[in-house]
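Structural overview for review
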Amino acid sequence: MPMLEVKDIHKSYCKVEILKGVSFAMEKEQTKVIIGPSGTGKSTLLRCINQLSPPDKGEVWLDGEEITSRKTDINVVREKIGFVFQEFNLFTHLTALRNVSIGLEKVKKIEKEAARKRAMEELQRVGLEKQAEQYPAQLSGGQKQRVGIARALAMDPDIILFDEPTSALDPELIGDVLDVMKSLAGKVAMLVVTHEMGFARNVADEIIFMEGGVIVEQGPPKEMFTNAKTQRAREFLGRIGALYGGD
Amino acid sequence: MALETLIESLPQLFNGLAVTLGLTALAIILGTILGILLATGRSYGARPLAYLILIYEKILRGIPLLVLFFLIYFGLSQIGINFDAFTSAVIGLGLRSAAYQAQIYRGSINSIPVGQINAAFSLGMSKLKAIRYVILPQMLRLSIPGWSNEFTILLKDTSLAFGIGVIELMRQGRYIQIRDPDLVLPVFLLIAVIYFILVFTANKTLRYVEKKYQMAGLQAEAQR
Amino acid sequence: MTDFYQFFLQSLPNLLNGLGNTFLLTFVAITVGFFIGLFLALGRVYGTKAINLFCLGYIEIIRGTPLLVQLFIIYFGLPSVGILFTPLQAALLGLAINSGAYQAEYLRGSIQSIESGQMTAARSLGMSKLQSIQHVILPQALRVSIPAWSNEFIYLLQYSSIAYLITVSELTAEGKFIAAHTFRYLEIFAIIAIIYLVLTIISTEIIDRIAKRLSIPGIGAAKGVGLRDV
């Protein structure tokens, strides 16, 4: 049974239907990348999965439990789903270290010393131990995003959702974040919405191409990039692939 | 000589000053705690609650403080609820301050980016935890300028407790005037100076606090 | 209920008397206060160092002390140096002086928020400093000030009740008078509270309408910033 199952998700905003029936599944420690034109509901899909924006119709199953049901305590579920935001959303009033440790202290109720120790380990993992006592306003965009990833990792999630993690970064800072993400491949499940084709091609186990609120095609990167089955996927991947290039 | 008798009156004035400070301290505490509850209730509570709070705010900001004092001190005793003058004044000042502070806090809450609460939720924090650990710390820091302003207003408004017989600074001044009519101008000028020093000190202190707790990079200008 | 209604009708003449004085206090204070405030604001923005300091001193002292102290000094204190005012005169003077200081700060903020390019353009057309202020700066600054000005109106409406404490027969004083005679404190002050509330709501509405009539696209009014910010 797959770890994550998304079944026929529908979502509308202001009478406009954004997601028109999306279904797919993911296994443990898999990396899947969602690509497609802007505004086709990719970010919305991610937010439906961790219920930041609950879907209008459809189900999401995590580890055999239906998390979209009314009976589920969504806060407990969210401990198992990490989320990395395009705008970072680091807690402005906390240092980098505390940003990473606060989930452990207040949600997982881990004792303060142990929590901060674990937080420091995660910061080391993303290469930011030296910035532990700095505030988000003092960090560069790339550093902020890496703290965001550390914050998500510290919760030991089953899966991390990445919502265009590098779109708000200056080009020279993108590499550092992508390197961290690459290091996670195979260790924790990742569902990534991005335009970074190099990452998609080299790190993803599977690529999902979305357009118009539905999944048009999905498959392993090698196939999708060289021999996609649908016309539209071929067009998009060809054009975007040339633009954003390999790494 | 007028100066000597003025100096003799100083202990009396200091008594009044103590009462003034007592009123201010108690009322600001009441106003702050209630104000925070009202603001979070209106921003994050259910619709009916938010509406009730709105009505509370409109009423408390729409009637004069003196009338509020009379209602609490005289009016309530008519239906059996007896508060002494000092308590009535604290309640009146506190309830009114809460309404004004709630406005300040809501302004601060609205200037916190929505991404902050989204991040809190995605870590698995409940609404209550998110408010307590992410929103409130930021809201309080952003509110310091507005709160300082409200504090000095409250300090000055304690003078109205005179109207229901509380023996604070103004009332002591009046006693001194009645006893020694020659002292009327000096004593009230002195009282003015005392208030001025209090307000000035409070402002300087709070501005120092504001600088100290400013979140790196976040503009606390929101409330000016 | 009819007993309450009767009580209300009996009190009405006195209340209306008091209301008249309340209006008098409010309107005179805000108008005179406006001119005082304008003078102070212009003095602070365009005046010489001496004028600036004088205006600053006035503003800081008035804003740093309670209104009641100012009224007591005028009504009780000044007679001892030979200046006598009736309660009403003292209240009008005190409220006007007080309001002037607060209006000065907001007007100053509005004037300074008009970008300097406006003044430069006016001068380069050959206007004198005075003409530029009159024809270019003030028309804009005054519009920007309207929200805070409406706050000040509400503020004065409520604080006119302080005049009761120097024996002026405005609305609150009439209420106290009626209550002292009938012992019906709760009813009369509830009525008075409602009157103030209604007046507050109505005046906010009216001022908003006037603001809309006078508004010019592009001249942003700073919403929600009060005059009473120290």
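These figures come from a predicted structure and were not determined experimentally. (Residues numbered from 1 in each chain as written. Chains lettered and ligands numbered in written order. Predicted model: local features only at pLDDT ≥ 70, side-chain atom pairs only at ≥ 80, totals over all residues.)

The interface is formed by 31 residues belonging to chain C together with 33 residues belonging to chain B. Taken together, the elements giving at least two residues each to the side of chain C that touches chain B come down to helix H3 (67-77), helix H6 (129-159), helix H7 (171-182) and helix H8 (185-214) of chain C. Broken down by element, the side of chain C that touches chain B gets its largest block of residues, 8 residues, from H8(C). Its residues assigned to classes, the side of chain C that touches chain B comprises 21 nonpolar, 8 polar and 2 charged. (Contact = placed C-beta atoms within 7 Å. Helix = DSSP H or I, 4+ residues; strand = E, 2+ residues; numbered from the N terminus. Nonpolar A, V, L, I, M, F, W, Y, C, P; charged D, E, K, R; others polar.)

Right, let's get into the interface of chain B and chain A. By convention, interface size is frequently given as the accessible area that disappears when the constituent parts associate. Contact residues are listed per partner, giving 20 residues for chain B and 21 residues for chain A. Listing elements by their share of the side of chain B that touches chain A, those giving two or more residues are helix H5 (114-122) and helix H6 (127-157) of chain B. Of the residues belonging to the side of chain B that touches chain A, the class tally is 10 nonpolar, 8 polar and 2 charged.

Further remarks concern the packing of H3(C) against helix H4 (residues 87-113) of chain C. Residues and elements named next belong to chain C. Across the interface, H3 lies against H4 with an axial gap of 9 Å and an inter-helix angle of 135°. By the criterion of interaxial angle, the relationship of H3 to H4 is oblique. Two packed elements cross with a definite hand, and for H3 against H4 that hand is right-handed. Residue-level inspection shows Leu67, Gln70, Leu71, Ile74 and Tyr75 of H3 in contact with H4, the latter providing Pro87, Ala90, Ala91, Leu93, Gly94, Ile97 and Asn98. Counted by class, the contact of H3 with H4 contains 9 nonpolar, 3 polar and no charged residues. (Axes fitted to C-alpha atoms, helices over the stretch in contact; angles between N-to-C directions. Parallel < 35°, antiparallel > 145°, perpendicular 65-115°, else oblique. Left-handed = near helix turned anticlockwise from the far one by under 90°.)

Ranked by size, the top nonpolar core spans 194 residues in total, and within it Val67(B), Leu68(C), Leu71(C) and Ile162(C) carry the most contacts. Those residues in contact with Leu68(C), other than ones at most four positions away along the chain, are Ser159(B), Leu160(B), Phe162(B), Met170(B), Ile162(C) and Leu165(C). (Core = buried A, V, L, I, M, F, W, Y, C linked by C-beta atoms within 7 Å. Buried ≥ 20, exposed ≤ 12 C-beta atoms within 10 Å, placed from the backbone.)

Residue and element names in this part refer to chain A. Across the sheet, which stays open at both edges, the 4 strands sit in the order S2-S1-S4-S5 with antiparallel pairing between neighbours. One side of each edge strand has no neighbouring strand; the edge strands of this open sheet are strand S2 (16-26) and strand S5 (65-66). Examined bridge by bridge, strand S1 (residues 4-13) and strand S4 (residues 57-62) share 5 bridges and lie antiparallel to one another. Pairing of valine 6 across the sheet is with valine 60, part of S4. (Pairing = 2+ DSSP bridges.)

It is worth stressing that arrangement in space is one thing and function is another; only the former is reported here.
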